[in-house]
Amino acid sequence: MGDYDEDTAFLGQTGPYFWVTFFLLNTVFVSTGFNGLYIIFAGATPKHHCLIPDVNLTEEWRNAIIPFTEVDGEEIKSQCSRYKLDVVKNLSSEGYVPGRDVNLTSLQQEECLDGWSYSKEIYQSTIVTEWNLVCDNQWKVPFASSSLFVGYLFGSLISGQLSDRFGRKKVVFMSLAVQCLSVLLQSFSQSWKMFCTIFLFVGASQISIYISAFVLGTEVLSKTMRVLFTTLGAFLFYCIGYMTLPWIAFGIRDWRTLLAVLSATSVVYIPLWWFISESPRWLVTQGRVVEAEAIVRDAARRNKVSAPPVIFKESEIQEMPAGRKYTMLDILKFKKLRCITLMCLLLWMSINIGYFGLSLNTSNLSGNPFMNCFLSAISEVPAYIVSTLLLRVSPRRILLSVFLFLGGGVLLLIQFIPESVQQVALALEMTGKFGFTMAFSIVYIYTAELYPTVLRNVGMGVCSSAARIGSITAPYIIYLGTYDKVLPYILMGSLTISSSMVNLFLPETLHKDLPETVEQMQECQGLCRRSKKRQCIQNGATHNSLSQLEAKSEVETLNL
């Protein structure tokens, strides 16, 4: 209903009801923070080498049986091969000394036929050590990460339809239950395939929680609280969960126990069912006006204000227009819409590749992986605060391009940092994360402002799908680091800088009214007969003359 804010204006802009709802809904986002990225630790790869069985070998041969290989200019013990065990046993029994009597480089090598030995210096167990996801099977780790983001893709496609049909509140709590159960079942996985299959449900429930709670907050809260909720609250509380994750993982080094504990945290949200209300806006659109009024009257009681005898006028409810339903195909019908959508798809995809690429790469950085993850998370806090302040006064197009260029440029610089100053490389990576986080928070609002109301949900859905594709791709870009350490940074940096240049071709939206219809969007963005329409409007032309001009413009466009 277009008059909902008018009808409920008596509630005020702040008050106990709004603040309680604000904080309780935001606590839900904490769970998405630490449940969405636990693969960083559950899928970490400890130091490893071929397992040497308990056979009769001298100490010298037991230390020399693993060959050395060069990785990034540094000689390390091979992780995927050893000298042939039968040959080494014979040489050891005959009293030969490796390096003195035998030239090791001339010996034949073989695969790790007896499995691997893993370091337990940092992790007691991960899915890598559980199912030997190394060497020829190391591709299975990024595949597991991608299965989470495939779940995100499916969840983003169905969660909106479910919340429109069954209600925002029910979908939020149903998704929390699915998340809790899925993570718990995943901790009992008996194979890598089972782990990946359940990860799909984890991802679907994760994004469903986020989207449904985000929509519920925007519909229940007042205008003032809504701005704070959408620009800072949801992102910041997600970041709190992200910052909490490494400390939970630090205390629990076994992946199965870690997942079981994380699943148990969802239980604390059960009491919130009695404190978070359903969206009155949604109830009114479903014709459930009595329930909507009961919620609004309860909000008035909590805010200590008086509610009018009749809140929602019956005439307004009956006159709700059943306007045309727009689909994704409508985006393809207009040239300007097609161009804007293609550019937005590139933006969303590149930002998600950079953001999740850097997030998933924290376990591969030099130093303590738990501290690296915490620093990666905490670097997002100032980004969300700064973006909230800048979005009030700064042009979206320039702002987004600047931070995309910052994130991409920093990633390209990392490859030139020598190994001896890893702290500088870490600082640059955190700076890149700051840039991507800024871009992440800006692109949500910018995209919503670009699309007209009749296509805003559709446009955001298409862009969100592109974001999921970027998320699915990110683990494989990080996987390329096993072949060349700087290759992921080159790819992510180049893609981001390219998208920052493309972004400059998008229209500016600062201080402009949101377009309601496709026609208004075309007029704002300078499509057919923009100058004639503006002149017609400025001269106070009648509605009929404007409609005739639009029809004439459409005919001319078709003729062209």
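This is a predicted model, so every value here is computed, not measured.

Asks: Report on the nonpolar core, specifying residues and quantitative values.
Replies: By size, the foremost hydrophobic cluster in this structure holds 141 residues, and its most contacted members are Tyr38, Phe41, Phe195 and Leu400. Counting only domains with at least three residues in this core, you end up with domain 1 (48-118) and domain 2 (326-526). Discounting residues that sit within four places of it in the chain, Phe41 has contacts with Tyr123, Thr126, Leu245, Pro246, Ala249, Leu258, Pro369, Phe370 and Cys373.

Asks: Outline the packing of helix H10 (residues 223-251) against helix H17 (residues 380-390), supporting the account with residue identities and numerical values.
Replies: Across the interface, H10 lies against H17 with an axial gap of 9 Å and an inter-helix angle of 175°. Considering the angle they form, H10 stands roughly antiparallel to H17. Residue-level inspection shows Thr231, Leu232, Phe235, Leu236, Tyr238, Cys239, Tyr242 and Met243 of H10 in contact with H17, the latter providing Glu380, Val381, Tyr384, Ile385 and Thr388. Looking at the contact of H10 with H17 residue by residue, the class counts come to ten nonpolar, two polar and one charged.

Asks: Tell me about the state of the cysteines, and please be specific about residues and values.
Replies: Scanning the model with the defined rule gives two disulfides in all. At a sulfur-sulfur separation of 1.8 Å, the disulfide partner of Cys50 is Cys112. On the S-S bond that ties Cys50 to Cys112, the torsion sits near -60°, and the link is left-handed. One end of the pair, Cys50, is in strand S1 (residues 48-50); the other, Cys112, is in the loop between strand S5 (109-111) and strand S6 (116-118), and 62 residues separate them in sequence. This pair shows no difference in class: Cys50 is buried, exactly as Cys112 is. Across the chain, the way the bonded cysteines pair up, counted in sequence order, is 1-3, 2-4.

Asks: Can you break down the UniProt feature "transmembrane region" (unreviewed entry) in the chain residue by residue, with the values?
Replies: Following the UniProt record, one finds the feature "transmembrane region" (unreviewed entry) at residues 17-41, 194-216, 228-249, 255-276, 337-357, 369-391 and 398-418. When the span residues 17-41 is considered, its composition is 88% helix and 0% strand, and the gap between its end C-alpha atoms is 39 Å. Across residues 398-418, helical content stands at 81% and strand content at 0%; the span's end C-alpha atoms are separated by 33 Å.

Thresholds applied
- Residues numbered from 1 in each chain as written.
- Predicted model: local features only at pLDDT ≥ 70, side-chain atom pairs only at ≥ 80, totals over all residues.
- Heavy atoms only, no water.
- Core = buried A, V, L, I, M, F, W, Y, C linked by side-chain atoms within 4.5 Å.
- Buried < 20%, exposed > 50% of the residue type's maximum accessible area, 1.4 Å probe, protein only.
- Domains from an automatic or database assignment.
- Contact = heavy atoms within 4.5 Å.
- Axes fitted to C-alpha atoms, helices over the stretch in contact; angles between N-to-C directions.
- Helix = DSSP H or I, 4+ residues; strand = E, 2+ residues; numbered from the N terminus.
- Parallel < 35°, antiparallel > 145°, perpendicular 65-115°, else oblique.
- Nonpolar A, V, L, I, M, F, W, Y, C, P; charged D, E, K, R; others polar.
- Disulfide = S-S within 2.5 Å.
- UniProt positions renumbered as here; feature names shortened; annotations may be inferred.

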